[in-house]
Structure formats: C-alpha cells, structure tokens
Amino acid sequence: MNEPAKVFALPDLGEGLAEAELLSWHVGPGDHVVEGQPLVSVETDKAVVEVPSPRTGEIERLCAEVGARVEVGAPLVEFVGGASADAGTVVGNVAAGSAVLDETPQSVGRPAVGIRATPAVRALAKRLGVDLGSVTPGGPNNTIIKTDVERVARIYAETGPLEPLTGTRRAMAVNMAKTQAEVATAALFEDADIHAWASGSDPMTRLLRALVAGCQAEPALNAWFDSEDMGRRLLKKIDVGIAVDSPEGLFVPVLRDAASKSAKQLRTALDALMAAVGTRSLKPEQMRGASIMLSNFGPLGGRYAVPLLVPPVVAILGAGRARDQVLAVDGQPAVRRVLPLSLSFDHRVVTGGEAARFLMAVKGDLEQAA
C-alpha cells in the first residue's frame, strides 16, 4: 500500500477551473483530522466548496493564507509524515493520473501585447501604479507617451483604490470575456401581448413554460456547441440556467428538467434556488449543466437587451419590463399589456430560422390566457 502523501494540493474542482479563492480554514497546525473532514472553504465560479481531507493524520502546516488565489495543484496543507506530495485529484474522486494539462490563462482586459511605449514611459507607469492597458495612446503611431501616463495617474488619484475582482465578479468577468471572444452572438426581438393573463399570474413560471414550448418547437436551441470538434449536442432535458442579480455579482443557478414540472413545482424550485443564492449556499452542481438560459431583467428595468450566453449553451431568452401599449386589435386601437422579449443565440450553430421559430413559439405560449 502506498504511503499517504505529506503535502495535499488543491484538487481539480471541475469545469476546467484553474484556481480558487481561499475563504476560510477549518483546521490549523497541530490539529488531528480524519479522512473526509472539511479542511478549507474555497470559492470558484460562483460557488463555495469545502475541500475534504484526503487522509487521517495531523496537520503540520497551512500552505496558503485566507484571501489568496490558489492554483489547482498548488500545496494546501502539509501533514506530519508521509510521502512528498499529493497528486491533486478531483474533489470526491481518488483516481490519479500522470497527464499534465497546460492551459493558457484567460485575459479579461486589454492585452499587454502590442502596447507601444518607451522603457522610460513603462518605468514611469510602474512607479505611478498605472496599468498601460488602460491608457489611451496620444503619441505618434499609437505610442503611449509620458503625458498619457501622467493623465491617467491624475484620474487614479481622484478615484478610489483598485478593487480586485474576486469570487463571483471575477468569474463573471472571465465568462463574459470568453463569450465575447468565442461566440458569434446574434439577436432577435419580439413583443408578446399578455393582456389576457389573469390577475396574479406568475411571470417567471409563465416564462419558463413558454421557454419549454420554444425548445419543444425548435430543439436546436436546447443544445451545447463543441467549438473544438465543430459539433452540437441536442439535449433531451430542458435545464434552464436562470440569471440572478445579487450584490456579489451575477449567479446562474440551474432549474432542472423544466418540462416535467407543473407551474406549482416550477415556483417551488425557483424559490429554493433564489433562497440558496441569497444565503450563498448553492452547491457547485446547482451551477452547472444548463442547456439554455433565461434572464428576466424586466423587474430591474429595461425593455430590450442582448443578453450574453455562456458556452457551451447556444441560446438565452431575455424578458424586459412589461408595459401598456396601444396596439391594433381587430382593426381598432386598444391599450394592451405587452412583454418585450429578447433572444440571443450563437449563430455559429443556430440558424436565423431556428431562432425565429423558437421565439414565435415562446410568444404564442405567452399570449395564451392560461
């Protein structure tokens, strides 16, 4: 039998994540722990995860401080005695392998490559704490000059200190940059006449039901796209990623198998997800595997939008603020209640016709009285 590892590294947390933010330690040097006992809480991609101990033993040293960003495979704790290092396996999985994955870091801002500045100007920017990527060049041939750096330094002095993006907001920045870089986003807009809705109708359950109707009419939008192998997967279950605004940033918990649920069951599932967002108790599996996305931004404001989807999902339906509007009804002007709809889709894999058929099916379902 192999000797237990002395050094336990941050395991692979899934979904291709390369790092995590260390939130709190549950153990300290000298503590005796048992296998499976939580060692540390980390946050990554909008979820808080407890990392369990891989073995029973005594903690010799903690290898990272609270607030640090720890890369997958970097040391977390040292145990008293044992082999030199742990393989850093997936959480909950004790299988080990010898393959090493090299990943290119994801940039979320203006790349430094291509910035033109003399060594003296670069030194000045470093001394003043100015990011050259945020400086608009004022010199010839798009060269950043001394006065450009000084101008930005003055602006920095009039603002608050730089607030590093962490946790949810950092994940949002990375995901949105990935979307902009990879997805061929196209959009369609429509209005649904919801005047026939009964008083007290639940907009979210109606939107979910309509989204299901759209997927059933045009399954091409309930799909994942594999850009590396240039293929798509049409998904049988409709697992809806629901965009939720919060002070910490954007969360997208997943409501599973929406087509199988009644309106009451949809409401119950929604309430449970919203409560978990509020208490930051969402589990990682509740944030993964959406087949299509829904953003009901209307209660916050705005009529239409181009909501951004997150690969491998290929479509997101947005609903804006409902309003009264004069429409022609049976040839006569009438004031009707109207719900604006926005559909963003990945035009690499979804055709305009497929998107239009989906949106018209959504509109048709929403315009039913019940």
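Since we're looking at a predicted model, the values are computed, not measured.

Participant: Please clarify how the overall build of the chain should be interpreted in this entry.
Facilitator: Scanning the chain for helices and strands turns up six helices and 21 strands. The proportion of buried residues among the 370 residues of the chain is 40%.

Participant: Could you clarify how one ought to interpret the sheet that holds strand β6 (residues 57-62) in this entry?
Facilitator: Paired through their backbone hydrogen bonds, the strands of a sheet run either parallel or antiparallel. Strand order in the open sheet formed by four strands is β1-β8-β6-β3, with antiparallel pairing between adjacent strands. Whereas interior strands pair on both sides, the edge strands pair on one side only; in this sheet they are β1 (7-9) and β3 (32-33). One ladder, built from two bridges, connects β3 with β6; its direction is antiparallel. Bridging across to β6, V33 finds its partner in G57.

Participant: Looking at this structure, how should I read the packing of helix α1 (residues 119-128) against helix α2 (residues 146-158)?
Facilitator: For any two helices packed against each other, the geometry is given by the interaxial angle and the distance between the axes. Where α1 meets α2, the axes come as close as 9 Å, and the angle between the chain directions of the two elements is 10°. Considering the angle they form, α1 stands roughly parallel to α2. Taken together, the residues of α2 that come into contact with α1 (itself represented by V121, L124, A125 and L128) are K146, V149, E150 and A153. The residue makeup of the contact of α1 with α2, split by class, is six nonpolar, no polar and two charged.

Participant: Where do I start with the pattern of salt bridges in this structure?
Facilitator: Pairing between side chains of opposite charge can happen when their charged atoms approach one another. Counting across every chain of the model gives 18 salt bridges. Ionic pairing is found between R69 and E19, a salt bridge with its closest N-O pair at 3.1 Å. One end of the pair, R69, is in strand β7 (residues 69-71); the other, E19, is in strand β2 (residues 19-25), with 50 residues separating them in the sequence. One salt-bridge network, held together by shared partners, links E19, E21, R69 and R170.

Participant: Explain the nonpolar core to me, please; I cannot follow it from the model alone.
Facilitator: A general trend in soluble globular proteins is that nonpolar side chains are found buried together. Formed by 47 residues in total, the largest nonpolar core has its most connected members in L211, V240, L255, I292, L341 and L366. Apart from residues lying up to four places away in sequence, L255 is in contact with L208, I238, D239, V240, I242, K261, L266, A269, L270 and L273. Listed in part, the 19 residues of the second largest apolar core include A20, W25, V42 and I59.

Participant: Could you clarify how one ought to interpret the packing of aromatic side chains in this entry?
Facilitator: For any two aromatic rings, the description comes down to two numbers: the centre-to-centre distance and the angle of the planes. On inspection of all chains with the given rule, the structure shows one aromatic pair. Their ring planes at 75° and their centres at 5.9 Å tell us that F189 and Y304 sit as a pair that is edge-to-face. Here the residue F189 occupies a position in strand β11 (residues 185-193), and Y304 occupies one in the loop between β18 (292-296) and β19 (315-319), the gap between them amounting to 115 residues. Overall, the relative accessible area of 35% leaves Y304 in the partly exposed class.

Participant: Mind showing me how you'd approach helix α6 (residues 352-366) here?
Facilitator: Count 3.6 residues to each turn of an α-helix, and residues three or four apart come out pointing the same way. Between its first and last C-alpha atoms α6 spans 21 Å; for 15 residues at 1.5 Å apiece the expected length is 21 Å, and the two agree. For α6, every residue scored as buried is listed here: E354, A355, F358, L359, A361, V362, K363, D365 and L366. Elements that come into contact with the buried residues of α6 comprise β11, α4 (203-217), β13 (231-234), β18, β19 and β21 (332-346).

Criteria and cut-off values
Residues numbered from 1 in each chain as written. Predicted model: local features only at pLDDT ≥ 70, side-chain atom pairs only at ≥ 80, totals over all residues. Heavy atoms only, no water. Helix = DSSP H or I, 4+ residues; strand = E, 2+ residues; numbered from the N terminus. Buried < 20%, exposed > 50% of the residue type's maximum accessible area, 1.4 Å probe, protein only. Pairing = 2+ DSSP bridges. Axes fitted to C-alpha atoms, helices over the stretch in contact; angles between N-to-C directions. Parallel < 35°, antiparallel > 145°, perpendicular 65-115°, else oblique. Contact = heavy atoms within 4.5 Å. Nonpolar A, V, L, I, M, F, W, Y, C, P; charged D, E, K, R; others polar. Salt bridge = Lys/Arg side-chain N within 4 Å of Asp/Glu carboxyl O. Core = buried A, V, L, I, M, F, W, Y, C linked by side-chain atoms within 4.5 Å. Phe/Tyr/Trp six-rings, centres within 6.5 Å; stacked < 30°, edge-to-face > 60°. Expected span 1.5 Å × (residues − 1).

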